[in-house]
Amino acid sequence: MPKRVAIIGSGQTDHTSRRADVNIPELIKEAVDRALVDAELTIDDIDAVVIGNMEHFEGINLSDMWASEGSGAVMKPAMKIATGGTTGASVAACAYYHCASGLFDRVLAIGWEKLSESDTTTGIITAFDPIVERLTLAGAVGGLAIEANLYMTSYGITQEQVAKAAVMARKNAQRNPHAHLKLDLTVEQVLNSPMIAYPIHYLDMCPTSDGACAVIFASEDVARKSANPPAWVKAAVCRHNHPYIGDVDWRKSTLESAAIEAYRLAGITHPRRELDVIELYDPASFALLSWIESLHICGPGEGGKMIDTGAITMEGDIPVNPSGGVISTNPIGATALIRVAEAALQIQGKAGARQVEGVRTALATGFGGSYWSEVFILGRAS
Amino acid sequence: MRREKEKDYLYITLHTELPYRYSAGRYMSRFLTTLRDEARILASRCTHCGTVLVPPRVVCGNCFAEMEEFVEVGPRGTLKTFSVINFPFIDPFTGVQRPVPYGYAIVQLDGCDNGLPHFLDEIDVHKLRIGLRVEAVFKPQDEREGAMTDILHFRVIGD
Ligand SMILES: [Zn+2]
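Residues numbered from 1 in each chain as written. Chains lettered and ligands numbered in written order. Predicted model: local features only at pLDDT ≥ 70, side-chain atom pairs only at ≥ 80, totals over all residues. Heavy atoms only, no water.

Asks: Account for the pairing of strand β8 (residues 116-120) of chain B, naming residues and giving values.
Replies: Residue and element names in this part refer to chain B. Counted residue by residue, β8 has 5 buried out of 5 residues, so it is predominantly covered. Where strand β7 (residues 102-109) lies against β8, 5 bridges are found, and the strand directions are antiparallel. Bridge pairing in β8 links Ile-106 to Pro-117. What sits between the antiparallel neighbours β7 and β8 is a turn of 6 residues, in which Gly-111 has the positive phi angle 90°. (Buried < 20%, exposed > 50% of the residue type's maximum accessible area, 1.4 Å probe, protein only. Helix = DSSP H or I, 4+ residues; strand = E, 2+ residues; numbered from the N terminus. Pairing = 2+ DSSP bridges.)

Spelled out as structure tokens, the structure:
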């Protein structure tokens, strides 16, 4: 039997487009320091470190070596994980496995990226098959554009509905001191921004950010004595996919498959009623509508209605991305870990101005690779 | 190496050229040489579940069974989904900006269960829609070299 595991602390940098004042270990140390302060621990209390980013963005292959001082990993067990956009969630899952195994009591999970240091789209293309796919792929933007087109065409979702989701996310970000884009937008501004890849406008898309996030996981006995209220891990489920973009059948999404399994593990039968908040990995605004369908928050094609009625806003019955989400903040290797950290803050009641009232159950997701997914469910009760 | 200064902080610019030499393997080599020599598109069929996938590959991801049979697919197909790419970025193939705009298609080739990504010859989104019929346009034989670029693009042929 796995041990129960909880998140007992987290820290984030104040994410922005370019941090010229810090190099990579310095950036990472900022997030680690904040997490240790939050959990009222020192680095000596940490048994192991799991770290992740996407190598090709900075051209540095062993970030676990390069950042070992900033991550606090010197003379500790440490490993690096790289799974593209899901990296941060994979790092979280790995730290969870460490604690659940009973071999470690406190594990530090770190995700980071300095996207200002290269061309992000170029870096993403190098993750794909060099013979077949690199010729035509336009990074994440192109890959998401074809999914958005298929989704919007299939269900008659309008560009206005998608733009409304983009406006909501940037509005939420204004309450988050760590968010990168805290924009006060109108639907017209989103629709009038350049069409970077049909049907995705510039203001529908996530930014590229410099930032790091650190989250401390603890095994049951240690978590119960922690300074913070523990956010218990109820489920951590990963689904990978076929290799080529052309293979992907968007009707059989990895997110839906992961969510079904996560709900089974967490004993959730009515996700919309039983979940209090969602931190969704939304690389583009259409995902705020489409991917909550994959999570069974609403039926197929009902995502547009969820924004029209305000159900997913801070005032709605199932707020999505109080943090502002990925379209407001995107240091890729940290991005999915930020979703987990934000979900934990909501459980702990420590989300400040972006706190949703009375959160008992929260869901966080990661997205990456060839449309693969991670789903975390956190709860206040163990 | 180039150094620039922003306020008190230095930037060090590095251009790294790393040559790679990828083995295409048995299945991809046959796919590419058939494109080059015969202007035909090959896929593999799973002996276990019957799924036909392009490009051909040794293992069917659905059932982990070997795909032992090669079948010809296309050259016509249906537009499964598409985009028109307008934003500039550095192409890791060439080291310079990829020419934009360009049409980006996932084509469901006739006789095939998955899609093939390629260029579209149309960049006006008003003239494009999911479900349109398209056809592969090949380079002339003496210009083909055993690469995905042996297909120039897909052209729209109607409903
Ligand atoms: Zn099969």
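Asks: I'd like a rundown of the coordination of the zinc ion, residues and numbers included.
Replies: Six octahedral donors at a metal ideally form angles of 90 or 180 degrees, and four tetrahedral donors ideally form angles of 109.5 degrees. Residues and elements named next belong to chain B. Around the zinc ion, the protein supplies Cys-46 (SG), Cys-49 (SG), Cys-60 (SG) and Cys-63 (SG) as donor atoms, at distances of 2.1 to 2.4 Å. Read from N- to C-terminus, the donor residues coordinating the zinc ion fall into the pattern C-x2-C-x10-C-x2-C. Pair noted here: Cys-49 is in the loop between β3 (41-45) and β4 (52-53) and Cys-63 is in the loop between β4 and β5 (69-73), with a separation of 14 residues, a long-range link. Owing to a relative accessible area of 40%, Cys-49 belongs among the partly exposed residues under this scheme. Take Cys-63: its relative accessible area is 25%, and that puts it in the partly exposed class. (Donors = N, O, S within 2.8 Å, 3.2 Å for Na, K, Ca; no water.)

Asks: Explain a nonpolar patch on the surface to me, using residue names and the numbers behind them.
Replies: Where nonpolar side chains cluster on the molecular surface, the patch consists of Leu-62, Met-65 and Trp-66 of chain A and spans about 340 Å² of accessible area. Take Trp-66 of chain A: it is sitting in helix α3 (residues 63-66). (Patch = residues over 30% accessible without salt bridge, like charges linked within 9 Å, V, L, I, M, F, W, Y side chains within 5 Å. Areas by Shrake-Rupley, 256 points an atom, 1.4 Å probe, with all protein chains shown as cover. Salt bridge = Lys/Arg side-chain N within 4 Å of Asp/Glu carboxyl O.)

Asks: Please set out the interface of chain A and chain B residue by residue, giving values where relevant.
Replies: With 36 residues of chain A in contact, the opposing surface of chain B contributes 37 residues. Both sides together, the interface formed by chain A and chain B hides about 3,300 Å², and carbon and sulfur atoms give 68% of it. Ranking the residues of chain A by area buried against chain B places Ile-131, Leu-135 and Thr-136 of chain A at the top, with a combined share of 21%. Counting the contacts that link chain A with chain B gives 1 salt bridge. A salt bridge links Asp-247 of chain A to Arg-57 of chain B; the shortest N-O distance between them is 2.8 Å. At the boundary of chain A with chain B, the tally comes to 19 residue pairs in polar contact (both at pLDDT 80 or more). Contributions of two or more residues to the side of chain A that touches chain B are made by α6 (120-125), α7 (139-155) and β5 (195-197) of chain A. Considering each element in turn, the side of chain A that touches chain B owes the most residues, 7 residues, to α7 of chain A. (Contact = heavy atoms within 4.5 Å. Buried area = accessible area lost by both parts, 1.4 Å probe. Polar contact = N/O pair within 3.5 Å; in protein donor to acceptor, adjacent residues only side chain to side chain.)

Asks: Before we move on, can you summarise the pairing of strand β1 (residues 5-12) of chain A with the specific residues and values?
Replies: All names here are of chain A. Most of β1 is tucked away: 8 of the 8 residues are buried. Of the pairings in the sheet, the one linking β1 to strand β8 (residues 231-239) comprises 2 bridges and is antiparallel in character. Across the sheet, residue Ala-6 finds its bridge partner in β8, namely Trp-232.

Asks: Give a detailed account of the sheet that holds β5 of chain B, specifying residues and quantitative values.
Replies: Residue and element names in this part refer to chain B. Taken together, 3 strands build an open sheet; the order of strands is β4-β3-β5 and the sheet is antiparallel. One side of each edge strand has no neighbouring strand; the edge strands of this open sheet are β4 and β5. Across 2 bridges, the pairing between β3 and β4 is antiparallel. Its bridge partner being in β4, Arg-45 is matched across the sheet by Val-52. In the packing of helix α1 (residues 25-38) onto the sheet, the strands contacted are β3 and β5, and the crossing angle to β3 comes to about 150°. (Axes fitted to C-alpha atoms, helices over the stretch in contact; angles between N-to-C directions.)

Asks: Tell me what's going on with the pattern of salt bridges, and back it up with residues and numbers.
Replies: Residues and elements named next belong to chain A. Applying the stated rule across the entire model yields 26 salt bridges over all chains. Close ionic contact of Glu-30 with Arg-19 constitutes a salt bridge, the shortest N to O distance being 2.5 Å. Taken as a pair, Glu-30 in helix α1 (residues 24-39) and Arg-19 in the loop between β1 and α1 lie far apart in primary sequence, 11 residues in all. Accessibility expressed as a relative area gives 11% for Arg-19, which makes it buried. A cluster of three or more residues bridged by salt bridges with shared partners is formed by Arg-4, Glu-220 and Arg-224.

Asks: Now, about the environment of Leu-116 of chain B: what can you tell me, with residues and values included?
Replies: All names here are of chain B. For Leu-116, the position within the fold is in strand β8. In this structure Leu-116 comes out as buried when scored by relative accessible area, which is 0%. C-alpha separation for the pair Leu-116 and Ile-106, spaced 10 residues apart in sequence, amounts to 5.3 Å. Discounting chain neighbours no more than four positions away, the residues touching Leu-116 are Val-54, Pro-55, Ala-105, Ile-106, Val-107, Leu-109, Met-148, Ile-151 and Phe-154.

Asks: Describe the sheet that holds β8 of chain A, listing the residues and the values that go with them.
Replies: All names here are of chain A. Strand order across the open sheet formed by 9 strands is β3-β2-β4-β7-β1-β8-β11-β10-β9, with mixed pairing between neighbours. Bordering the open sheet on either side are β3 (78-81) and β9 (277-279), each of which pairs with just one other strand. Sheet twist, expressed as the average angle between the axes of neighbouring strands with direction ignored, equals 25°. Against the sheet, helix α15 (residues 332-348) makes contact with β1, β2 (48-52), β4 (106-114), β7 (210-219), β8, β9, β10 (361-368) and β11 (372-379), and its axis sits at roughly 115° relative to β1, the strand it touches most.

Asks: I'd like a description of α1 of chain A, backed by residues and values.
Replies: Residues and elements named next belong to chain A. Between its first and last C-alpha, α1 extends 23 Å over 16 residues, near the 22 Å set by a 1.5 Å rise per residue. For α1, the set of buried residues is Ile-24, Pro-25, Leu-27, Ile-28, Ala-31, Val-32, Ala-35, Leu-36, Asp-38 and Ala-39. Following α1 by one or two positions, Glu-40 adopts a phi angle in the positive range, close to 55°. (Expected span 1.5 Å × (residues − 1).)

Asks: Run through the environment of Ala-147 of chain B, naming residues and quoting values.
Replies: Residue and element names in this part refer to chain B. Relative to the elements of secondary structure, Ala-147 occurs in the loop between β9 (133-138) and β10 (151-158). Given a relative accessible area of 22%, Ala-147 falls into the partly exposed group. Through-space distance from the C-alpha of Ala-147 to that of Thr-33 is 8.2 Å; in sequence the pair is 114 residues apart. Leaving out residues up to four positions away in the same chain, Ala-147 has contacts with Leu-32 and Leu-35.

Asks: Can you break down empty space enclosed by the protein residue by residue, with the values?
Replies: This model, assessed by the stated rule, comprises 1 cavity of 30 Å³ or more. With 3 residues, α15 of chain A is the largest single contributor of residues to the lining of the largest cavity. (1 Å grid on protein atoms, 1.4 Å probe; cavity = no way out; pocket = protein on both sides within 12 Å on 5 of 7 lines; lining within 4 Å. Points joined across faces, edges and corners; volume = space filled by probe spheres on them.)

Asks: Lay out the environment of Val-215 of chain A with the relevant residues and their values.
Replies: All names here are of chain A. Inspection of the secondary structure assignment puts Val-215 in strand β7. On the basis of relative accessibility, which here comes to 0%, the residue Val-215 falls in the buried class. When the C-alpha atoms of Val-215 and Ala-341 are compared, they prove to be 6.4 Å apart, with 126 residues separating the residues in sequence. If near-sequence neighbours (up to four positions away) are discounted, Val-215 is found in contact with Ile-7, Gly-9, Ser-10, Val-107, Leu-108, Ala-109, Leu-337 and Ala-341.

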